[in-house]
Amino acid sequence: MVIPSILPDRPLGIALIGTGFMGKCHAMAWRNVAAVFGGAHHRLEILGDATPERAESFARQFGFSRSTARWQEAVADPNVDVVSITAPNGMHRPMAEAALEAGKHVWLEKPMALTLNDAEAMAATAARYPDQATMLGYNYLRSPAFQAARQLIGDGAIGRPLAFRGVYDEDYSADPLLPWSWRMTHEGGGLGALGDLGCHLVSHMLELMGPVTEVIAQTQVAIPMRPSPDGPKRVENEDSALALLRFTSGAQGSFATSRVARGRKCRLQWEIHGESGTIVFDQENMNELWVHRTGDSGFVRHLTGPDQPDFAAFCPAPGHNFGFNEQKVVEARDLLVAIAGGTNVGPDFAQGVEIEKVIHAMAASNGVPVRF
């Protein structure tokens, strides 16, 4: 893949809101994107977090010039061109809409919003500002192995896709003694495993298989009560979900996600059965792609290397492995290309609504088919 040459012709001012796991990923991506892909080195202008002390501490660590405990100050800052939002889910809509209305480009972590109505409203706001780019944080789409798989399917390497089987499991909530948190509420977290994990699997599924026409699903709250300083509190959103799907193409699919799967760390795994072959991918082994074609005695293992999209920008040697944070740097590059007037490969806010429709349909199904 040729690295896009369309990049902003001047340094952009960056605001970052949130300093957790994904906040640090965004900060590293902004610091590294020019070193990897060329172009201007962008200005880390202002960092926002919940308290002045925390904001100031992380601004120093991440390399931002200033800090604030008021996110409104960050999105309104006249020196800021792009706002990275990695705050809790319940703040996504007000922050993103305020940033768009202030004339900023927006890079927002998934899930897009608490509800489908919120996501649709955010997409409508973005549509009113067509000169401002939006990007959702689906960085697993930037894996060279995933991009290679998408190309193979597009080129007809396995024939017409017949079936998709996908799983995304982790075990970060498997311990019943894990304390209750906002992530386990509809008001603070929105959906549970579907919003945190399953949306990533849906993003892969839609990219590879096309639109969904029907979903039938069931969800489960495996650990209904969690300890808290105020005594046990109820878990409101799902720990796991299972679904069957039908695609516009006529292909079928199965889907499973869980945040209580003991031993699983990042099992974003799928396989696609085609008329003349099968492709298999697993994020826990993200530098491998397994392909079977008619006539092969088994599967062929393909290692990531510079012949796959975006790998060579980081390393010229095959088999030296790509990583989670490298995917985030590619995502930052893609946002910058969109800002400079190139193709927005997304998911932007409009495409994000399509992902939200699927996961919210799964949450609402309760064993009854939902048609699109």
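Residues numbered from 1 in each chain as written. Predicted model: local features only at pLDDT ≥ 70, side-chain atom pairs only at ≥ 80, totals over all residues. Heavy atoms only, no water.

Draft legend 1. Inspection of the side chain of T134 at higher detail. In this structure, T134 sits in strand β6 (residues 134-136). When its relative accessible area of 5% is taken as the criterion, T134 is described as buried. Within the local environment of T134, its side chain forms a polar contact with the backbone nitrogen of F349, the two atoms lying 3.1 Å apart. The contact partners of T134, leaving out residues within four places of it in the chain, are L100, V106, A126, N344, P347, D348 and F349. (Helix = DSSP H or I, 4+ residues; strand = E, 2+ residues; numbered from the N terminus. Buried < 20%, exposed > 50% of the residue type's maximum accessible area, 1.4 Å probe, protein only. Polar contact = N/O pair within 3.5 Å; in protein donor to acceptor, adjacent residues only side chain to side chain. Contact = heavy atoms within 4.5 Å.)

Draft legend 2. Quick peek at the sheet that holds strand β2 (residues 43-48). If you walk across this open sheet you meet the six strands as β3-β2-β1-β4-β5-β6, and the pairing is parallel. Edge positions in the sheet fall to β3 (66-68) and β6, since each of these pairs with one other strand and no more. Across the sheet, the mean angle from the axis of one strand to that of its neighbour is 15 degrees, orientation sign disregarded. Of the pairings in the sheet, the one linking strand β4 (residues 82-85) to strand β5 (residues 105-108) comprises four bridges and is parallel in character. Each residue of the ladder has a partner; that of S84, found in β5, is W107. Across the sheet, helix α8 (residues 324-339) is in contact with β4, β5 and β6; its angle to β5 comes to roughly 160 degrees. Where helix α9 (residues 349-365) meets the sheet, it contacts β5 and β6, and its direction lies at approximately 30 degrees from that of β6. (Pairing = 2+ DSSP bridges. Axes fitted to C-alpha atoms, helices over the stretch in contact; angles between N-to-C directions.)

Draft legend 3. Looking closely at the sheet that holds strand β7 (residues 161-169). The mixed open sheet is built from nine strands, whose spatial order is β16-β15-β14-β13-β7-β12-β11-β8-β17. Strands with a single pairing partner mark the edges of an open sheet, and in this sheet they are β16 (300-303) and β17 (370-371). With seven bridges connecting them, β7 and strand β12 (residues 252-258) associate as parallel partners. Counterpart to R165 in the pairing with β12 is S254. Sheet strands in contact with helix α6 (residues 144-154) are β7, β13 (267-274), β14 (277-282) and β15 (288-293), and its direction is about 20 degrees off that of β15. Contacts between helix α7 (residues 193-209) and the sheet are confined to β7, β8 (212-220), β11 (240-247), β12, β13 and β14, with β12 contributing the most and set at about 155 degrees to the helix.

Draft legend 4. How the structure looks around the packing of aromatic side chains. Summed over the entire model, instances satisfying the criterion amount to 10 aromatic pairs. Pairing Y140 with F324 gives two aromatic rings, centres 5.9 Å apart and planes at 70 degrees, and the pair type is edge-to-face. With Y140 in the loop between β6 and α6 and F324 in helix α8, this residue pair connects regions lying 184 residues apart in the sequence. Y140 sits in the buried class, given a relative accessible area of 6%. Measuring from centroid to centroid gives 6.4 Å for F146 and W270, while their planes differ by 85 degrees, and the two rings are edge-to-face. (Phe/Tyr/Trp six-rings, centres within 6.5 Å; stacked < 30°, edge-to-face > 60°.)

Draft legend 5. How the structure looks around the pairing of β4. Side chains V82 and S84 of β4 all project onto a buried face; the interleaved residues V83 and I85 project onto the opposite face, where all are buried too. Strand direction decides the pairing type here: strand β1 (residues 13-17) and β4, joined by four bridges, are parallel. Paired with A15 across the two strands is V83, which belongs to β4. Handedness of the crossover is the feature at issue here: the chain leaves β4, passes through helix α4 (residues 92-101), returns alongside β5, and the resulting connection is right-handed. (Right-handed = clockwise from strand over helix to strand, strands pointing away.)

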